[in-house]
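A closer look at the structure
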Amino acid sequence: MIVFWIAVGVMSAAVAGFILRRAARAAAAGGDADSTLPLYQRQLSEIEDLADRGLIAADERRSAHAEAARRLLSAAESAGPAWTVSATSRPVLVGLAVIGPVAALGLYLGFGSPGYGDQPYAQRLDQWRAAPPTQLDAPRMAAVLRSVTAERPANPEPYRFLAIAEMASGDAPAAARALREALRLAPERADLWESLGEALMMAAEGEVTPQAAAAFQRALERDPKAATARFHLARGQIEAGEIEAGLAQWRALLADLPAADPRRAVLQAAITDVAAGPRQPAPPADPAIGAPEIAAMVEGLAARLAADPDDAQGWVRLVRSYAVMGDAARRDAALTQAKARYADNPQILRELAQAAAAEPMR
Amino acid sequence: MIVEIGAFALILSLILSVLQTGASALARVRRAPVLAAVGEGAAIAAFFALAVSFAALIYAFVVSDFSVANVATNSHSAKPLLYRVGGAWGSHEGSMLMWCLALTGFGALLAGYGRGLSAGLKAVAVATQGSLGIAFLAYTVFASNPFWRLTDPPVEGRSLNPLLQDPALILHPPFLYVGYVGLSVVFSLAIAALVEGRADAAWARWVRPWTLAAWSALTVGITLGAFWAYYELGWGGWWFWDPVENASFMPWLIATALLHSAVVTERRGALPGWTIFLALGGYTFSMLGAFLVRSGVLTSVHAFAVDPTRGVLLLTILGVTAGLGFALFAWRAPAMARGGLFAPISRESALVLNNILLAAATATVLLGTLYPLIREAIAGEAISVGPPYFNLTFTPLMFILLLLLPAGPLLAWKRADAGVALQRLWIAALLAAVAAVATLALAQPRSLFGAAGLALGVWLIVGSATEVAERIRLFRAPRGEVLRRLGGLPRGTWGMTLAHAGLGIFVLGAVFETTWKAETSEVLAIGQRLEVAGYVVALEDVAPVQGPNYEAEQATLRAFAPDGTLACMARPERRLYSAGGQTTSEVAICTRGLSHLYMVLGERRVGADGGPVWLVTGYWNPWALLIFLGPGLMALGGVVSLSDRRLRLAAGRRAAQPAAPERAPEPAGEPA
């Protein structure tokens, strides 16, 4: 803090001193004559110079010279009275030089954050590292672990913890990045592959992407019993329409899980749910999204399809949206249009019929 | 602590600008050199205070101090050092600070080096420059302070827009701002001329170096921006008549016109009113650009601040500054002396024609830029004015201008013989005609526009060289004489020739590229290939790459020339910046002579067989290099011209006393 005030003092003094020094020099130099005249004189001499070197012709030299001379004369006539040093009193000058820094300080005290020290990232990181881990929230924990991984780049464990912290702070891609690093160091650990698959899945908002599926496969290659990998791979199958195969996997997994495993209940519920039949479209997950927003999104989809109708899944979604919104007229209109377009594609026709049968939202 | 020192120094700079304006204005009224010295001292001190402030902001970015709101919003601890430094001017607040730094920097230069100016002119110019500083510094301090702190700093910053994390874009704003703000000095000098009622040759000679410096920086800045758009945005183009591009192009056009009209005022004392008008217009267009890109009326990578309050404030600054300037012009300009007379065919007339065409071109660009905004405000419908409008309006004007350009420097002052000038250009005309015929005969597909444009480029380059050849009497005088004359040519002449030839080179590149570019876009699996303009591009591999703050897919492309030899290995990337979740494409450019083979890796898709495929686009951009080399040469011409002894004498040397001999002292050891 004291350093700040010293810096402010030094700057203020330097500014005041500099201004006063220039004023003193100007006072010593006396009045300034009009410096336009020498410039015209120089212009005249330049014309001579160019002519001497043969760069302008003789007649041009004469006329240019005459004109510059005329300008010199008229400038000499029109020059105003010279500036002269009047006795600007010393206290006034000192006052002018001092008032600047003082006013700046006043404004700063009103608008700045006096006493608020710097918060460099490195310094804050040291504080977090010194703090007990239980007091840190997930993003701070992740920052600490990131620095730990930098210090111990050959150890996969810090990367695994980092991934957990990143996941907890909602940054799934960063978690996946950390797990990739961990796997570079320990490629044979099935649990890391499972975690990577989950992180990639989270990054894709829950969808079992090909990349996530590949990670789960790698986990299974190393540990055929890896429960998480088996669960999600089967889920991916179910979502892709291979419901029977997926359910069979889940049932096999349920049989393998020990009786005391708390995951059994969740898995059992999932199996019952899927076995009961085609799943209904989930109600809007976020209550903040109300009907007007949904209507707007559906309108956007309809407009896009009108412009670029070659999108089978888009039509399925549009039909389902109208059905869910309870707009039977537009549902049927869209359904007719889409059916005509995909008349020779039984798979799409089936999906369209399913979509049209979706229950309206209450 | 350092951050707070920066915050204090920023406010100190504002107060010093107030002192600068007050003391200089009072000095003019009381004809008091001591007060003028106080004003000048304050101007120089304001710059140093702001330099401290700017250094403090860079420090905050380098150490990632996220308690500074601006750093938290625009930086990230994992960002490479260069881009952390560049982040200091990659944001709205930081770039306004840089604008102010340039503004006070030019004020300090004016105060420190303005010795050749008459005391009254200088005092008014310093006061005006100070008041421009007050407006922008007050805006920065009160409405867009880069040192605003957060009581609860976030763990991580939100990072700089990844499109801006690019070396060209680190340099683009500083150059552009030096250019924009350099025109503020010209504005201040124009106000001073109006107040003093004096816009004579001495004044015009003073305007020239500042305009040249600003113009050169603006040329480099705009070229860097175009170059960045070319290789970073990945759409194969370099100029799209986007309102943001136009915002930087209009001050450039005005500065170009001003450079030429100031020559007339300096040499002949003519056109003082017009020169002042352009001098006021240059900075007005700079401020208009600042308003357009910062008010949120435009959507682009530049529109950092979608904040209506800031937009209104900037519009107020623009309105008040330009309004007062032009009101003063309307009041005082009619009383200005007319200056030297000239015949309809003369160097002066050629420069007037240049100015008319450039002003008309600026007006068309202004209309094309503002019309959509006005239309949207009044009728509420969004329209866009694109290349077709500019091709029909701007291009013909430029065609006429460039057609007449080589004749201008060959005309004599006051009264000239057009026939003689045209006769001297017969070689240029012949070569241009040969170029046109050859282009029509050889280039496929045949294009009249391409042939005409190519002829124009050759006409400009050879025409510029003709002027030098005439002055040194090439092939007409003995070799010793020619060499002597060559050595004696003023640097201003070299600068002009370089700039005009650079323009010709640019025209060649622009015409060739737009007429004969080729593009092929195909979905490729590993091992597949596409063909563009005879080149075969094979996709060999796509591998993940881990960058410092991004993840990427990097393709390995093998490009074969039409004769079957390997042209180059190219590695375009598609990057995902996890901090902001944005995707950018990193183009691979393979330079073949003057042309570019330009390759873009698109997004990954699933192919028909379920395997991964990528959208790969190859562009063949013939002579694209010239598009950027030409303006580079133009800027170099500006710098060479700026180094001319005559300008330096006016700018840097203490004026000789009136009693001194007629010939001013020559700098020792310098060739005459």
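Reading guide: rules and limits
- Positions within a chain are numbered from 1, following the residues in the order the chain's sequence is written.
- The order in which chains are written sets their letters, starting at A; the order in which ligands are written sets their numbers, starting at 1.
- pLDDT decides what is reported in this predicted model: residues at 70 or higher carry local features, side-chain atom pairs at 80 or more are listed and counted, and totals for whole chains, interfaces and linings draw on all residues regardless.
- Labels follow the DSSP assignment, with helices taken as runs of H or I lasting at least four residues and strands as runs of E lasting at least two, numbered in each case from the N terminus.
- For a compact globule the rule gives 2.2 Å times the number of residues to the power 0.38, and the radius of gyration it is set against comes from C-alpha atoms.
- Put plainly, a residue is buried at 20 or more neighbouring C-beta atoms within 10 Å of its own, exposed at 12 or fewer, and partly exposed in between, counting only other residues' C-beta atoms, which are placed from the backbone.
- Each residue is represented by a C-beta atom placed from its backbone, and any two residues with such atoms within 7 Å are regarded as in contact.
- The axes used here are C-alpha line fits, helices contributing only the stretch in contact, and every angle between their N-to-C directions lies in the interval 0 to 180 degrees.
- These descriptions rest on fixed angle ranges, namely under 35 degrees for roughly parallel, over 145 for roughly antiparallel, 65 to 115 for roughly perpendicular, and the rest for oblique.
- In this scheme the handedness of a crossing depends on how the near helix is turned from the far one: anticlockwise by less than a right angle means left-handed, clockwise means right-handed.
- Each pair of strands is called paired provided DSSP finds at least two bridges between the two strands.
- The predictor's confidence in any single residue is recorded as pLDDT, a number from 0 to 100.
- Buried Ala, Val, Leu, Ile, Met, Phe, Trp, Tyr and Cys residues form a nonpolar core when they are connected through C-beta atoms within 7 Å.
- Domain boundaries shown here were taken from an automatic or database domain assignment.
- By this rule the span expected of a helix is its residue count minus one, scaled by 1.5 Å.
- Basically, the charged four are Asp, Glu, Lys and Arg, the nonpolar ten are Ala, Val, Leu, Ile, Met, Phe, Trp, Tyr, Cys and Pro, and anything else, Gly included, counts as polar.

All right, on to the overall build of chain B then. Counting its regular elements, chain B contains 20 helices and ten strands. Relative to the compact-globule value of 26 Å for 672 residues, chain B shows a C-alpha radius of gyration of 27 Å, a close match. Every one of the 672 residues in chain B was classed for burial, and the buried ones make up 57%. For chain B, restricting intrachain contacts to residue pairs at least 6 apart in sequence, the fraction spanning at least 24 positions comes to 74%.

The subject of this paragraph is the packing of helix α15 (residues 426–442) of chain B against helix α16 (residues 448–471) of chain B. Residues and elements named next belong to chain B. At a minimum axis distance of 8 Å, the contact between α15 and α16 shows a crossing angle of 155°. Taken together, the axes of α15 and α16 lie roughly antiparallel to each other. Both α15 and α16 take part in a crossing whose hand is right-handed. Where α15 approaches α16, its residues I427, A428, L431, A432, A433, A435, A436, T439 and L440 are matched on the opposing element by G450, A451, A452, L454, A455, V458, W459, V462, G463 and T466.

A few words on the sheet that holds strand β9 (residues 595–606) of chain B. All names here are of chain B. Read across the sheet, four strands follow the order β1-β10-β9-β8 without closing on themselves; strand pairing throughout is antiparallel. Every interior strand has two partners, whereas the edge strands, β1 (518–524) and β8 (588–592), have only one. This sheet shows a mean twist of 20° between the axes of neighbouring strands, independent of strand direction. As defined by bridge partners, β1 adjoins strand β10 (residues 612–621) across seven bridges and the pair is classed as antiparallel. Bridging from a neighbouring strand, E519 pairs with Y619 of β10.

Bringing unusual backbone geometry into the picture now. Residues and elements named next belong to chain B. Even without being glycine, R473 reaches a positive phi, approximately 55°. Mapped onto the fold, R473 is located in the loop between α16 and α17 (479–488). Among the residues examined, R473 registers 14 C-beta atoms within 10 Å and is labelled partly exposed. One non-glycine residue, W623, lies in the positive phi region at around 60°.

Attention now moves to the environment of I164 of chain A. Residue and element names in this part refer to chain A. Topologically, I164 is positioned in helix α7 (residues 156–168). Take I164: there are 19 C-beta atoms within 10 Å of it, and that puts it in the partly exposed class. Spatially, the C-alpha atoms of I164 and M141 are 9.7 Å apart, while their sequence positions differ by 23 residues.

Our focus in this paragraph is the environment of G106 of chain A. All names here are of chain A. Within the secondary structure, G106 is located in helix α4 (residues 90–111). Since 12 C-beta atoms lie within 10 Å of it, G106 is described here as exposed. Considered as a pair, G106 and E239 are 133 residues apart in the sequence and their alpha carbons are 66 Å apart.

Next up on the list: the confidence of the model for chain A. On average, chain A scores 80 in pLDDT, and the residues at 70 or more come to 86%. Model confidence for chain A, summarised as mean pLDDT per element, is weakest for helix α14 (residues 291–307) of chain A at 69 and strongest for helix α1 (residues 2–29) of chain A at 90.

A separate point is the nonpolar core. Counting residues in hydrophobic clusters, the biggest one holds 217 residues, and the most contacted among them are V186 and L189 of chain B. Leave out the neighbours within four places in its chain, and V186 of chain B touches V207, W210, T211, A214, L258, A279, G282 and Y283 of chain B. The next biggest cluster of nonpolar side chains, apart from the first, holds 38 residues, and it includes M141, L183, L200 and L253 of chain A.

Before going further, it helps to spend a moment on the domain arrangement of chain B. Here chain B is described as being made up of domain 1 (1–148), domain 2 (425–515 + 626–640) and domain 3 (518–621). Computed over C-alpha atoms only, the centres of domain 1 of chain B and domain 2 of chain B are separated by 42 Å.

Quick look at helix α8 (residues 172–185) of chain A now. Over its 14 residues, α8 of chain A extends 20 Å from the first C-alpha to the last, a length consistent with the 20 Å expected when each residue adds 1.5 Å. Within α8 of chain A, the full set of buried residues consists of A172, A174, A175, A176, R177, A178, L179, A182 and L183 of chain A. In the core, the buried residues of α8 of chain A are packed alongside α7 and α9 (190–203) of chain A together with β4 (551–560) of chain B.

Take the packing of helix α16 (residues 328–341) of chain A against helix α17 (residues 346–356) of chain A next. Residue and element names in this part refer to chain A. Between α16 and α17, whose axes approach to 11 Å, the crossing angle comes to 175°. In terms of axis orientation, α16 runs roughly antiparallel to α17. Residues R331, L335, A338 and K339 of α16 form the contact with α17, whose own contacting residues are L349, L352 and A356. Tallied by class, residues from the contact of α16 with α17 come to five nonpolar, no polar and two charged.

Bringing the pairing of β10 of chain B into the picture now. Residues and elements named next belong to chain B. Burial of β10 is extensive: eight of the ten residues sit out of reach of the surface. The pairing of β9 with β10 spans nine bridges and is classified as antiparallel. Considered in β10, the bridge of R604 is made with W614. If you look at the hairpin formed by β9 and β10, you'll find five residues sitting between the two strands, and G610 has a positive phi there, around 90°.

Let's shift gears to the environment of W252 of chain B. Residue and element names in this part refer to chain B. Tracing the backbone shows W252 in helix α9 (residues 243–268). Residue classification places W252 among the buried residues on the basis of 25 C-beta atoms within 10 Å. Considered as a pair, W252 and L103 are 149 residues apart in the sequence and their alpha carbons are 18 Å apart. Discounting residues that sit within four places of it in the chain, W252 has contacts with L218, T219 and I222.

Residues and elements named next belong to chain B. The predicted model of chain B has a mean per-residue pLDDT of 86, with 93% of residues at 70 or higher. Counting contacts from residues 649–672, a segment whose pLDDT is below 50, to residues more than four positions away or on other chains yields 33 contacts. Among the scores for the predicted complex, ipTM is 0.83 and pTM is 0.81.

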